[in-house]
Amino acid sequence: MRTDWRISSFNGVLLAAYFIPTWTIVAFRIMISPIQGLYERPNVSVALFISDHLQLAALTTVRFAWLLALGKLTVVGFFAIFVVLITRAAIRKAGGCDEALAMALAIGSVISFASMVMAAQVGESQAVKLHATELLMLLGTAIVLLVEHPARPQPAQAQVDRNATADALALEQAQLLNNR
């Protein structure tokens, strides 16, 4: 049985299955109640870092919480676009969904790395483990995406493309009166 799924595409779908529901729930909890949502388990290290090291005012903490929610929803959006694009076989074979996956991996890695560093600064060992695990999942997929060969067109499609190119060149060549 022949499949046209690449390893990075399959891995990206598995990541999307984790990050879309998890980060959406976390982001919506922050949007509904910013301070309470920020002090929940997935974000407690960020909240403690903000309150202990940055000593921000309440309104600035709320703005920072909303910024974190916006960043997580952006990652969720790129993963959702990736999942929608990967459902079409033509886009999947051509590798057209890789850009959305790469953006989700890049932004998600930055958020997870920053959260991991903040958790290490405030001494939250469980939060460090959570964010390090998320970061390793994202970086593993990014490495597979970078190392994996780009998608190649199907041989039948390549032959059709060559014939179309030859026909286009035949129409573009200047014809002299004596060559008709």
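This structure is a prediction, so every number in the text was calculated from the model and none was measured. (Residues numbered from 1 in each chain as written. Predicted model: local features only at pLDDT ≥ 70, side-chain atom pairs only at ≥ 80, totals over all residues. Heavy atoms only, no water.)

## With respect to the overall build of the protein
So, step 1. The helix and strand tally for the protein stands at eight helices and zero strands.
So, step 2. Listing the helices and strands of the protein from first to last along the sequence gives α-α-α-α-α-α-α-α.
So, step 3. The buried share of the protein, taken over its 180 residues, is 33%.
So, step 4. When the accessible surface of the protein is summed, it comes to about 11100 Å², and 66% of that surface belongs to carbon and sulfur atoms. (Helix = DSSP H or I, 4+ residues; strand = E, 2+ residues; numbered from the N terminus. Buried < 20%, exposed > 50% of the residue type's maximum accessible area, 1.4 Å probe, protein only. Areas by Shrake-Rupley, 256 points an atom, 1.4 Å probe, with all protein chains shown as cover.)

## Observations concerning the packing of aromatic side chains
So, step 1. Per the stated rule, a full pass over the model turns up three aromatic pairs.
So, step 2. Where Tyr 18 meets Phe 19, the ring centres are 4.9 Å apart and the plane angle is 85°; that geometry is what we call edge-to-face.
So, step 3. What makes Tyr 18 partly exposed here is its relative accessible area of 28%.
So, step 4. On the basis of relative accessible area, Phe 19 is assigned to the buried category, the value being 0%.
So, step 5. Summarising the aromatic geometry, the rings of Phe 19 and Phe 79 are spaced 5.7 Å apart at their centres and angled 10° between planes, so their arrangement reads as stacked. In this pair, Phe 19 is assigned in helix H1 (residues 7-32) and Phe 79 in helix H4 (residues 58-86), connecting sequence segments 60 residues apart. Residue Phe 19 shares its accessibility class with Phe 79, and that shared class is buried.
So, step 6. Through pairs of rings, three or more aromatic residues link up here, namely Tyr 18, Phe 19, Trp 23 and Phe 79.
So, step 7. One Lys or Arg, Lys 72, reaches over the ring of Trp 23 and ends 4.9 Å from the middle of that ring. (Phe/Tyr/Trp six-rings, centres within 6.5 Å; stacked < 30°, edge-to-face > 60°. Lys NZ or Arg CZ within 6 Å of the ring centre and 35° of its normal.)

## A look at helix H3 (residues 44-54)
So, step 1. Within H3, burial applies to Val 44, Ser 45, Val 46, Ala 47, Phe 49 and Ile 50.
So, step 2. For H3, the secondary structure elements touched by its buried residues are helix H2 (34-38), H4, helix H6 (98-122) and helix H7 (125-147).
So, step 3. In the stretch just after H3, Gln 55 is the one whose phi turns positive, near 50°. (Contact = heavy atoms within 4.5 Å.)

## Points about the nonpolar core
So, step 1. In terms of nonpolar packing, the biggest core is built from 29 residues, with Leu 38, Phe 79 and Leu 105 touching the most fellow members.
So, step 2. At the level of secondary structure, the elements contributing two or more residues to this core comprise H1, H3, H4, H6 and H7.
So, step 3. Ranked by residue count, the leading element in this core is H4, at eight residues.
So, step 4. Discounting chain neighbours no more than four positions away, the residues touching Leu 105 are Leu 15, Phe 79, Leu 138, Thr 141, Ala 142 and Leu 145. (Core = buried A, V, L, I, M, F, W, Y, C linked by side-chain atoms within 4.5 Å.)

## Quick notes on the pattern of salt bridges
So, step 1. A complete count under the given rule lists three salt bridges for this structure.
So, step 2. The closest approach of N and O atoms between Arg 29 and Glu 40, which form a salt bridge, is 3.3 Å. Pair noted here: Arg 29 is in helix H1 and Glu 40 is in the loop between H2 and H3, with a separation of eleven residues, a long-range link.
So, step 3. Judged by relative accessible area, Arg 29 falls into the partly exposed class, the value being 43%. (Salt bridge = Lys/Arg side-chain N within 4 Å of Asp/Glu carboxyl O.)

## Concerning the environment of Ala 102
So, step 1. Here Ala 102 shows up in helix H6.
So, step 2. According to the relative accessible area criterion, Ala 102 is partly exposed, its value standing at 31%.
So, step 3. Taking the C-alpha atoms as reference points, Ala 102 and Leu 145, 43 residues apart in sequence, are found 8.0 Å from one another.

## What to know about H6
So, step 1. Here H6 contains 25 residues, and its C-alpha end-to-end distance of 36 Å stays within 8% of the 36 Å for a straight helix at 1.5 Å per residue.
So, step 2. Phi for Gly 123, located one or two positions after H6, is positive at around 85°. (Expected span 1.5 Å × (residues − 1).)

## Focus: the packing of H1 against H4
Helix-helix packing: each pair is described by the crossing angle between the helix axes and the interaxial distance.
So, step 1. At their nearest, the axes of H1 and H4 sit 8 Å apart, and the two run at 145° to each other. Here H1 and H4 pass one another in a crossing that is left-handed.
So, step 2. When its residues are assigned to classes, the contact of H1 with H4 shows 22 nonpolar, three polar and one charged. (Axes fitted to C-alpha atoms, helices over the stretch in contact; angles between N-to-C directions. Left-handed = near helix turned anticlockwise from the far one by under 90°. Nonpolar A, V, L, I, M, F, W, Y, C, P; charged D, E, K, R; others polar.)

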